[in-house]
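Examining the three-dimensional arrangement
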Amino acid sequence: MDEIARLAGVSKATVDRVMNNRAGVQDHTRKHVLAIAANLAGEPAPSASGTVCLDFVLPGGSNAFMADLVSQIERRAELRGDVDVVIHRVAGVDPEQTAATLGGLRANCQGVGLIGLDSPSVREAVRRLIASGVPVLTLVSDISHVGRMNYVGIDNRAAGRLAGYLIGRFLPGAAGKVALLAGALAYRGHEEREMGFRHVLSESFPRLDVVAVREVHEDPDRAHDEVRALLEEHDDLLAIYCIGAGQDGVARALTETGRDKSVIFIGHDLTDQTRHYLLSGVMDAAIDQNAQVEAREAIDRLVRAVRDEPNIPTTTIRIQSVFRENIPSEV
């Protein structure tokens with residue numbers, strides 16, 4: 001029992017409950033402990049060529065980038081043919097729902113990809129999964145101090161710095177006000193984008209002043225209302241940086257007020273929506289990350305972890321600035 005507990009990363013009490021078929025143990029933990037016990041007893045391990053069962057816990061809602069990422073994950077799994085993927089969409093700004101989803105995954109889940117808030121309840125749910133032997137990989141926005149196996153996504157602080165640099169170069173020598181809209185700053189990625197944005201303005205464009213930071217909880221209608229209020233309060237507003245979802249609301253507010261050609265608008269991710277806004281001139285630039293690459297890397301790394309193959313060190317996904325003149329063709 002001591003050896004099983006050590007190898008499984010659980011307590012002796014948990015091993016005792018599993019071996020004596022008593023209640024109080026989650027299904028995936030029970031399966032993990034039994035697999036360790038079988039291995040120690042010399043029973044054959046499952047074939048490395050078998051299907052790997054992966055669960056992805058991602059924000060729900062109308063975020064076009066998330067919809068694209070879901071599509072790319074499903075497509076990558078289909079192309080590989082050796083991966084069974086289940087995708088769970090949860091309220092992105094509800095950490096308790098995310099934690100509950102992580103605690104109730106299917107019994108045969110072997111690895112988890114997660115986009116979640118960096119909150120105590122989510123961190124604890126991740127730690128429990130990892131302690132039970134299920135590798136967890138973070139996507140798009142990292143989560144600190146949980147022992148996750150890897151992070152697949154962009155350098156979000158660099159993305160925020162790029163947004164600030166672009167606004168500064170769009171407004172050479174200008175002095176005035178800029179606003180920032182965040183989806184939810186409890187996402188570590190959104191917090192890092194804000195940090196990078198503020199730092200580059202203070203370093204290189206000190207005459208541009210961040211007069212407002214609004215959290216819109218990834219809601220386009222709320223973003224619309226916040227931008228309308230900002231434009232009424234600051235008729236000299238020069239630029240808006242939208243960190244997460246809500247870009248549809250920003251574009252609508254700028255168009256309705258006739259400010260779509262006078263206020264610089266920087267957003268994230270190349271989607272059908274942002275393509276339209278770039279072409280119409282409402283949006284000046286989109287800072288893009290490659291959902292296809294992120295899906296491929298996440299699945300490949302989780303499968304390697306499940307099959308106990310050498311881990312690939314964390315590497316950041318390349319970002320690019322997309323303008324109306326360099327919009328790539330759709331793949």
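Residues numbered from 1 in each chain as written. Predicted model: local features only at pLDDT ≥ 70, side-chain atom pairs only at ≥ 80, totals over all residues. Heavy atoms only, no water.

Okay, unusual backbone geometry next. Although it is not a glycine, His217 adopts a positive phi angle of roughly 55°. Its place among the elements puts His217 in the loop between β7 (208–215) and α9 (220–233). Given a relative accessible area of 34%, His217 falls into the partly exposed group. (Helix = DSSP H or I, 4+ residues; strand = E, 2+ residues; numbered from the N terminus. Buried < 20%, exposed > 50% of the residue type's maximum accessible area, 1.4 Å probe, protein only.)

Across the sheet, six strands lie side by side as β7-β6-β8-β9-β10-β11; this open sheet has mixed pairing. Here the strands that pair on one side only, and so sit at the sheet edges, are β7 and β11 (319–322). On average, each strand axis in the sheet is tilted by 15° relative to the strand beside it, whichever way the strands run. The sheet contact formed by strand β6 (residues 176–182) and strand β8 (residues 237–242) spans five bridges and is parallel. Looking at β8, one finds that Leu180 is bridged to Tyr241. Of the strands in this sheet, β6, β7, β8, β9 (264–268) and β10 (285–289) touch helix α8 (residues 188–204), which is tilted by about 170° from β7. (Pairing = 2+ DSSP bridges. Axes fitted to C-alpha atoms, helices over the stretch in contact; angles between N-to-C directions. Contact = heavy atoms within 4.5 Å.)

With that out of the way, let us pick up the confidence of the model for the chain. Predicted coordinates in areas of low pLDDT are best not read in detail. The share of residues in the chain with pLDDT of 70 or more is 95%, and the mean pLDDT across the chain is 91. Note on residues 43–49: pLDDT under 50 across the span, and three contacts to partners over four residues away in sequence or across chains. (pLDDT = per-residue confidence, 0-100.)

On to the packing of aromatic side chains, then. Inspection of the entire model under this criterion finds three aromatic pairs. Note on Phe197 and Tyr241: the rings are 4.8 Å apart at their centroids and 35° apart in plane angle, and the pair reads as tilted. Taken together, the positions of Phe197 in helix α8 and Tyr241 in strand β8 put the pair 44 residues apart, joining distant regions of the chain. Take Phe197 and Tyr241: they sit in the same class, and that class is buried. (Phe/Tyr/Trp six-rings, centres within 6.5 Å; stacked < 30°, edge-to-face > 60°.)

With that settled, the discussion passes to the pairing of β10. The element β10 is extensively covered by neighbouring structure, given that five of its five residues are classed as buried. Of the strand pairs in this sheet, β9 and β10 are connected by three bridges, and their pairing is parallel. Residue pairing in the sheet places Gly267 in a bridge with Ala286 of β10. Taken together, β9, helix α11 (residues 272–280) and β10 constitute a β-α-β crossover, and its handedness is right-handed. One ladder, built from four bridges, connects β10 with β11; its direction is antiparallel. Bridging across to β11, Ile287 finds its partner in Ser321. (Right-handed = clockwise from strand over helix to strand, strands pointing away.)

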